[in-house]
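# Descriptive structure summary
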Amino acid sequence: MATQMTDGHRRFLQVLMSHGIMEGSVARTLHRDCCEIHKVYYAHDKLDDFINVVNIHLQPFFMQIRKGMSEDDGRTYYALVNLAETEISKMASDYTENELELFRKTMDVIIISESGFASSTNILNLADQLRTKKMKKKEAEQVLQNLVQDKWLSERDGEYTLHTRCIMEMEQYILSNYQDLVRKCNICHSLAIQSQVCETCGIGMHLPCAGKYFKAQTEPHCPHCNEFWPHEIPEINRPDSQVPSSAPRERRRTSSSGTRRR
Amino acid sequence: MAQKRCSKGPGLSQGEDLAADEDYALTQSGSQVQRNLERLSPAQVDQKVSELVQYLLVKDQKKIPIKRADILKNVIKDYRGVYSEIIKRAGRILQQVFGLQLVEIDPKYHMYILVSNLPRLEVENLKQDDCTAKLGLLTVILSFLFMKGNAAKESAVWEMLRRLRVDPGVRHEVFGDVKKLVTEEFVRQKYLEYNRIPHTDPPEFEFQWGARAAKETSKMQILRFVAKIQSKDPKAWSTQYNEAAAEEAAVGGLSQDTSTHGDTGGASQGARRRTR
């Protein structure tokens, strides 16, 4: 396999960076376009190999294009993530000390909650408990808006959860810093922020994973303890269809059914 | 060009404070840098280079020019003695891996931006980010300024926008606060310069192209854009055409990467990169 980087790879990387995160079908279209524009080898099923070439070149800078799944709709996403949790990456993120503290506290609330959401009221109440420097509600609202804009958080009806991009970038950090609090999905074994939890044995599943797992079962039972599964079975969106789709942000809004009834 | 002026921007004073400090870092001769390099392990230097690459990429996301003073303070720190080597290597990596060029847009305060080295294209489906509309607005303003002789009064710009049903006094459903977007965001990103016209009372302001606009697009691309909208030949505006051709010839001698691609969507295309 060729490991040489071409302008096709560079263009792919640039567009991906401008988006922050990109849904699978959009990334596949982009792959095709980049190869066509720069007249380089293209095979429609070789996106991951194509990305791998980029990753070989990114490795020395502790960056990687990573593939992940959205907890909302189960689709595949690609994002450029930073692997080194260095002082630099924190500082370069343009947030002040107390803004970062608010983000960390918000993350605590989200992770401790079973649903994977924190209400805005809840978060705004944290603003005047900050150790570094207290924040007015108005300021905190602005910070929340910025965090959503920069794809650290995503918001739905006044409730906040971690953005897919954030989970992709921070998965390792979260797993090691919240060891006992955080759940892994019983189906796909990656970190689960929004999940359905078995009321008997406590295992959790991503909503899309649960949707897929229970799809064929008329009476759902926990895959671990075999007790009755008391939650509404999430509907699955066509996972990763080839149909060109709208921007991820809009889509996320529409896929909320059955998320949070706990 | 626009670089000769430095409009009011945040952090200028900081730049001045550190100016002496910075210049120390740059007064070293090549052989001094070589000697300093020998004192460090290659791994240490590589680490700094990759930190710098990351720093520049993250900072550039916001499209605000990156000050050398900040680079020294936040990344280089104790490695000032090999600064020139580190920035040279970082520039090479940005070019080889990311297809981006590190450009110093303000030689006085040493500010950098990243500009794509890849040819600009008219491929619609590559631009799907939220900022396309804003950059469309920007392209219109840049066109207006170029056609008006490279500068225009603020009031003339607002008047032109109003005719396009974008009223700076009214909240726009896509652009939000138009006045803020044009006079603050575009200015901070160095797409536009916004300065007081000397000796005006009450004060009047004028717009010009900013340094980033000059790097990300060209007068010829803007002229072709205007010509396309009006279904005319660019040569119909002889003054502007000659000016644009002269710029093209001057730039063409330095780099061959972008100028030959005569697409009219160039401004918004080039400008579109890495915005959110």
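Residues numbered from 1 in each chain as written. Chains lettered and ligands numbered in written order. Predicted model: local features only at pLDDT ≥ 70, side-chain atom pairs only at ≥ 80, totals over all residues. Heavy atoms only, no water.

Under an unreviewed UniProt entry, the name given to chain B is Non-structural maintenance of chromosomes element 3-like protein, and the source organism is Platysternon megacephalum.

Let me state the cut-off plainly: UniProt positions are given in the numbering used here, feature names are shortened, and annotations may be inferred rather than shown by experiment.
Within an unreviewed UniProt entry, the label attached to chain A reads Non-structural maintenance of chromosomes element 1 homolog, and the organism entered is Platysternon megacephalum. Quoted verbatim from the Subunit (unreviewed entry) heading of the UniProt record, the comment on chain A is "Component of the Smc5-Smc6 complex." If you open the UniProt record of chain A and go to Sequence similarities (unreviewed entry), you find "Belongs to the NSE1 family."

### Let's talk about the overall build of chain A
Operational definition: By the criteria applied, helices consist of DSSP H or I runs no shorter than four residues and strands consist of E runs no shorter than two, each listed in order from the N terminus. The buried label applies to any residue whose accessible area, calculated with a 1.4 Å probe on protein chains only, is under 20% of its type's maximum; exposed applies above 50%, and partly exposed to all values in between. Should any heavy atoms of two residues lie within 4.5 Å, those residues are considered in contact. Per-residue accessibility takes into account occlusion by the displayed protein chains alone, with areas from the Shrake-Rupley method and a 1.4 Å probe.
Within chain A, the regular secondary structure consists of 10 helices and 10 strands. Split into buried and exposed, the 262 residues of chain A put 53% on the buried side. For chain A, long-range pairs separated by at least 24 residues make up 57% of all intrachain contacts whose partners lie at least 6 apart in sequence. For chain A, the exposed surface amounts to about 12,600 Å²; the carbon and sulfur share of it is 48%.

### Considering the nonpolar core
Most often, soluble globular proteins have nonpolar side chains that are buried together. Note the cut-off: The term nonpolar core refers to a set of buried residues drawn from Ala, Val, Leu, Ile, Met, Phe, Trp, Tyr and Cys, joined through side-chain atoms within 4.5 Å.
The biggest cluster of nonpolar side chains holds 48 residues, and the ones touching the most others in it are Phe12, Leu13 and Ile65 of chain A together with Ile71 and Phe98 of chain B. The dominant element in this core, judged by the number of residues it contributes, is helix H5 (residues 83-98) of chain B, at eight residues. Setting aside chain neighbours within four positions, we find Leu13 of chain A in contact with Met5, Val54, Leu58, Ile65 and Leu80 of chain A together with Val97 and Phe98 of chain B. Counting 33 residues, the second-largest nonpolar core is a separate cluster that includes Phe146, Ala152, Phe186 and Met220 of chain B.

### Considering the sheet that holds strand E4 (residues 118-119) of chain A
Residue and element names in this part refer to chain A. Applicable threshold: Two strands form a pair only when DSSP identifies at least two bridges running between them. Orientation is described by axes fitted as lines to C-alpha atoms, over the contacting stretch for helices, and by angles from 0 to 180 degrees between their N-to-C directions.
Strand order in the open sheet formed by three strands is E4-E6-E5, with antiparallel pairing between adjacent strands. The outermost strands of the open sheet, each flanked by one partner alone, are E4 and strand E5 (153-156). Pairing of E4 with strand E6 (residues 159-162) involves two bridges; the strand directions are antiparallel. In the strand pairing of E6, Ser119 is matched with Glu159. Relative to E6, helix H5 (residues 97-112) is tilted by about 95 degrees, and along the sheet it contacts E4, E5 and E6.

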